[in-house]
Amino acid sequence: MSFTQHERVSIDRVPIRRALISVYDKTGLEELATGLHAAGVKLVSTGSTAKKIAAAGIPVQEVEEVTGSPEMLDGRVKTLHPRVHGGILADRRVPAHMETLESMDIEAFDLVVVNLYPFVETVKSGAAQDDVVEQIDIGGPAMVRSAAKNHAAVAIVVDPSFYGQVVAAAAAGGFDLKTRRRLAAKAFAHTASYDNAVATWTASQFLDEDGDGIIDWPAYAGMSLERSEVLRYGENPHQQAALYVDKAAPVGIAQADQLHGKAMSYNNFVDADAALRAAFDFSEPAVAIIKHANPCGVAVGSADAADPIADAHAKAHACDPVSAFGGVIAANRPVTAAMANTVKDIFTEVVIAPGFAPEAVEILSKKKNIRLLALPEGYGRYPTEFRQVSGGMLVQVSDKVDADGDNPANWTLAAGEAADEKTLADLAFAWTACRAAKSNAILLADNGAAVGIGMGQVNRLDSCKLAVERANTLGLQVDSDVDGAGGASNATGAGAPRRAQGAVAASDAFFPFADGLQILIDAGVRAVVQPGGSVRDEEVIAAANAAGISMYFTGARHFFH
């Protein structure tokens, strides 16, 4: 007689009499085994797990005693046996299953505790391919999935942090059905994440198999995400939201340690990540200030400054102090006391950096709501970017400032005379900083700092106008000595210098007409860097030559939508 799902009667609470334990991560193992033994649970275990339990003086039966077969192939085969999986998978609501166990003298398991080989950690360590392959767990996922499938009677635990509840349940008569279902859901997510990591890594071996520099996009792409925290709301108050982390990815803002301030919001995360991207584009000490995912200030610290990261912040803030109000700040060096002093009197939502000097934390913690985030060591970006569209995802290689065209040594002088060393340095800074602004993007710079930014406009002409307007109306007059609490005066408006005069400019894409460039020329820009490649390049070059300014072509483009 066959039994349909509807004919099976659910079992609510199943006493834990026999447990199978096989774990790579042995955190809390002795406490777990001790508690289960005290509750009268018979323990069966494998290899090093069994040895650790036995060393603690707790009775344990090794799996090979159950199967009658020793571990083989360097431990590759030890639990793949009917006496193991039969004991896990038998549906106790089906009499024929129980009769089969009895006829074959197989004892059922009520609890399975398993965690898997450290595949993701091995990949991230840079281990050789054979070493990575050895960390592809076979028996572990099989046991996890078997127990999760049979959650009608079996509890599956994959997380050492849950061991305390396991011991408590064993002493109280077992887990109820609702808890077993929840444990099964967590277990299936665990193996799905593991399998996705293996599939993704395996596919990555063939991204450029023929070495021609063209990616052979795999037929499968996946990402495993685990919920880290539930946020108050999303981009707007009516939108619910949560933060998920990807353990296979380079660490980033999702793993940052919050040292002070109220909980991060969805928009805080978005802006802080954009700020990190901008600040870490530079090898020199750099600071980026972001508002609504766009930069309102980017600067590098002067090499001769007493405190370069404080100098970088003062110059970045000077770009647009109006927009910096309520902004997010990222630094690519630890925040010093001097930088904290330049920040403390400015309303700021978030400061994120690789670390904070104790004095900086003390200074900034006096502001109740400012969020201080310490970035973990090893910060990096995904090699590819995913963007959700209706019905699917777009995937592309992440944009970085590392193409041949991003190196000034490879630029082509298209107009005017070759720039002097200082001007070329400012052009290189402007080109790198421009990448952080949403397209169409124009960035004016001087002395290693943005002084005017036009971004997110639907035409390049408006971006040029906006960059010039911001440079000439929003800036502070910067004092390069930032040893004190400030580093910038309060001169603004009509009394402020017209900072477009004598600045350099970068454009994230070519000028389709000469009119945008002419706005920059009329504002007094002394040099320009842009990708080139327009059908009207000759018209643009002629305008630059007529004005006597230098113009370089990079051959690279940095659209950012």
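Above: the structure in question.
In this text, all values refer to a predicted model and were calculated from it rather than measured experimentally. (Residues numbered from 1 in each chain as written. Predicted model: local features only at pLDDT ≥ 70, side-chain atom pairs only at ≥ 80, totals over all residues. Heavy atoms only, no water.)

Engineer: What is the right way to read the overall build of the protein chain from this model?
Structural biologist: Within the protein chain one finds 19 helices and 21 strands. In terms of C-alpha radius of gyration, the protein chain reaches 31 Å, well past the compact-globule figure of 24 Å for 561 residues. Overall size of the protein chain, expressed as C-alpha extent along the three principal axes, is 95 × 55 × 45 Å. Each of the 561 residues in the protein chain was classed as buried or not, and the buried ones make up 48%. Across the protein chain, the fraction of contacts at a sequence separation of at least 24, relative to all contacts at a separation of at least 6, is 59%. Looking at the protein chain as shown, the accessible area adds up to about 26,600 Å², and 52% of this sits on carbon and sulfur atoms. (Helix = DSSP H or I, 4+ residues; strand = E, 2+ residues; numbered from the N terminus. Rg over C-alpha atoms; globule rule 2.2 N^0.38 Å. Buried < 20%, exposed > 50% of the residue type's maximum accessible area, 1.4 Å probe, protein only. Contact = heavy atoms within 4.5 Å. Areas by Shrake-Rupley, 256 points an atom, 1.4 Å probe, with all protein chains shown as cover.)

Engineer: I'm lost on the packing of aromatic side chains in this one. Help?
Structural biologist: For any pair of aromatic rings, the description consists of the separation of the ring centres together with the inter-plane angle of the planes. Under the definition given, this model contains eight aromatic pairs. Here the aromatic rings of Phe282 and Phe429 are separated by 5.2 Å at their centres, their planes lie at 25°, and the arrangement is stacked. Here Phe429 lies in helix 16 (residues 421–434) and Phe282 lies in the loop between helix 11 (266–279) and strand 9 (286–291), a separation of 147 residues in the sequence. Assessed through its relative accessible area of 9%, Phe282 is described here as buried. On the numbers, 5.9 Å between centres and 50° between planes, the contact of Trp411 with Tyr552 is tilted. With Trp411 in the loop between strand 15 (392–397) and strand 16 (412–415) and Tyr552 in strand 21 (residues 550–553), the pair connects residues that are 141 residues apart, well separated along the chain. The pair formed by Trp411 and Tyr552 is uniform in burial state, with each residue classed as buried. Taken together, the ring pairs in this structure connect Phe119, Tyr194 and Trp201 into an aromatic cluster. Between the NZ or CZ atom of Arg18 and the centre of the ring of Phe109, over which it lies, the distance is 4.0 Å. Taking the ring centre of Phe560 as reference, the NZ or CZ of Lys438 above it sits at 5.1 Å. (Phe/Tyr/Trp six-rings, centres within 6.5 Å; stacked < 30°, edge-to-face > 60°. Lys NZ or Arg CZ within 6 Å of the ring centre and 35° of its normal.)

Engineer: Would you take a moment to explain a nonpolar patch on the surface for this structure?
Structural biologist: There is a patch of nonpolar side chains on the surface, built from Trp217, Met223, Leu225, Tyr244, Tyr382, Phe386, Met393, Val395 and Val397 and spanning about 810 Å² of accessible area. The element contributing the most residues to the nonpolar patch is strand 15, with three residues. Looking at the element boundaries, Tyr244 is found in strand 7 (residues 241–245). (Patch = residues over 30% accessible without salt bridge, like charges linked within 9 Å, V, L, I, M, F, W, Y side chains within 5 Å. Salt bridge = Lys/Arg side-chain N within 4 Å of Asp/Glu carboxyl O.)

Engineer: What is the right way to look at helix 4 (residues 82–89) in this model?
Structural biologist: Each α-helix winds once per 3.6 residues, and so residues spaced three or four apart point in a common direction. Listing the buried residues of helix 4 in full gives Val84, His85, Gly87 and Ile88. In a view along the axis of helix 4, the buried residues occupy a sector of 155°, so they form one face of it. Looking at the buried positions of helix 4, the neighbouring elements they touch are strand 1 (18–23), helix 3 (63–67), helix 5 (95–103), strand 4 (111–115) and helix 8 (139–149). (Arc of directions from axis to C-beta.)

Engineer: Explanation requested: the pairing of strand 4 in the structure shown.
Structural biologist: Looking down a regular strand, the side chains alternate between one sheet face and the other. Judged by how many residues are buried, strand 4 sits mostly within the fold: five of five residues are covered. Residues Leu111, Val113 and Asn115 line one face of strand 4 and the alternating positions Val112 and Val114 line the opposite face, and both faces are buried. Relative to strand 4, strand 1 runs parallel, the two being bridged by five bridges. Across the sheet, the residue bridging to Ser22 is Val114, located in strand 4. (Pairing = 2+ DSSP bridges.)

Engineer: What's the story with the sheet that holds strand 4 in this structure? I'm lost.
Structural biologist: Within a sheet, each strand pairs with its neighbour through backbone hydrogen bonds, oriented either parallel or antiparallel. If you trace the five strands from one edge of the open sheet to the other, you get 3-2-1-4-5, paired in parallel fashion. With one partner strand each, in any of the chains shown, strand 3 (61–62) and strand 5 (155–157) form the two edges of the open sheet. With three bridges joining them, strand 4 and strand 5 adopt parallel strand pairing. Residue Leu111 lies in a different strand from strand 5, and its bridge partner there is Ala155. Relative to strand 1, helix 1 (residues 29–38) is tilted by about 175°, and along the sheet it contacts strand 1, strand 2 (42–45) and strand 4. Along the sheet, helix 2 (residues 47–55) makes contact with strand 1, strand 2 and strand 3, crossing strand 2 at roughly 140°. (Axes fitted to C-alpha atoms, helices over the stretch in contact; angles between N-to-C directions.)

Engineer: Help me out: how do you make sense of the packing of helix 8 against helix 10 (residues 177–204) in this one?
Structural biologist: If you want to describe how two helices pack, look at the angle between their axes and the distance between the axes. Two numbers describe how helix 8 lies on helix 10: the axes approach to 9 Å, and their chain directions differ by 150°. One finds that helix 8 runs roughly antiparallel with respect to helix 10. Here helix 8 runs over helix 10; the crossing is left-handed. Contacts between helix 8 and helix 10 involve Pro141, Val144, Arg145, Ala148 and Lys149 from the former and Ala184, Ala187, Phe188 and Thr191 from the latter. Among the residues forming the contact of helix 8 with helix 10, the class breakdown is six nonpolar, one polar and two charged. (Parallel < 35°, antiparallel > 145°, perpendicular 65-115°, else oblique. Left-handed = near helix turned anticlockwise from the far one by under 90°. Nonpolar A, V, L, I, M, F, W, Y, C, P; charged D, E, K, R; others polar.)

Engineer: Please explain the nonpolar core as it appears in this structure.
Structural biologist: Where a protein is soluble and globular, its nonpolar side chains tend to be buried together. Core analysis: the largest hydrophobic core is formed by 49 residues, its most contacted members being Ile253, Ile352, Leu427 and Leu443. Considering every element that reaches this core, the biggest residue donor is helix 11, with seven residues. Setting aside anything within four residues of it in sequence, one finds Ile253 in contact with Met264, Phe269, Ala272, Asp273, Leu276, Ile352, Leu373 and Leu375. Counting 28 residues, the second-largest nonpolar core is a separate cluster that includes Ile442, Ile519, Leu520 and Ile541. (Core = buried A, V, L, I, M, F, W, Y, C linked by side-chain atoms within 4.5 Å.)

Engineer: Is there a simple way to explain the side chain of His313 in this structure?
Structural biologist: Mapped onto the elements, His313 comes out in helix 12 (residues 308–319). Residue classification places His313 among the buried positions, given a relative accessible area of 1%. When sequence neighbours within four positions are dropped, the list of residues in contact with His313 reads Val287, Ile289, Ile329, Met339, Thr342, Val343 and Ile346.

Engineer: Is there a simple way to think about the side chain of Ser22 in this case?
Structural biologist: The topology assignment puts Ser22 in strand 1. A distance of 2.8 Å separates the side chain of Ser22 from the side chain of Thr46, its partner in a polar contact. What Ser22 contacts, discounting residues up to four positions off in sequence, is Thr46, Thr49, Val113, Val114, Asn115 and Met143. (Polar contact = N/O pair within 3.5 Å; in protein donor to acceptor, adjacent residues only side chain to side chain.)

Engineer: I tried to follow the environment of Tyr382 on my own but got confused; where do I start?
Structural biologist: As for its position among the elements, Tyr382 is in the loop between strand 13 (371–374) and strand 14 (384–389). Take Tyr382: its relative accessible area is 32%, and that puts it in the partly exposed class. Separated by 84 residues in sequence, Tyr382 and Val298 have C-alpha atoms that sit 23 Å apart. With near-sequence residues (within four places) excluded, Tyr382 lies in contact with Met223, Asp246, Ala249 and Ser398. Among the polar contacts made by the side chain of Tyr382, one reaches the side chain of Asp246 at a distance of 2.8 Å.

Engineer: Would you mind going over the pattern of salt bridges with me for this structure?
Structural biologist: A side chain of one charge can pair with a side chain of the opposite charge if their charged atoms are brought near each other. Following the criterion strictly, the structure yields 18 salt bridges and no others. Its salt-bridge partner being Arg93, residue Asp91 comes within 3.0 Å of it at the nearest N-O pair. As far as the burial class goes, Asp91 and Arg93 line up, both buried. The closest approach of N and O atoms between Asp399 and Arg435, which form a salt bridge, is 3.6 Å. Highlighted residues: Asp399 in the loop between strand 15 and strand 16 and Arg435 in the loop between helix 16 and strand 17 (442–446), separated in sequence by 36 residues. Owing to a relative accessible area of 21%, Asp399 belongs among the partly exposed residues under this scheme. One connected set of salt bridges, linked through shared partners, spans Lys422, Asp426, Asp446 and Arg526.

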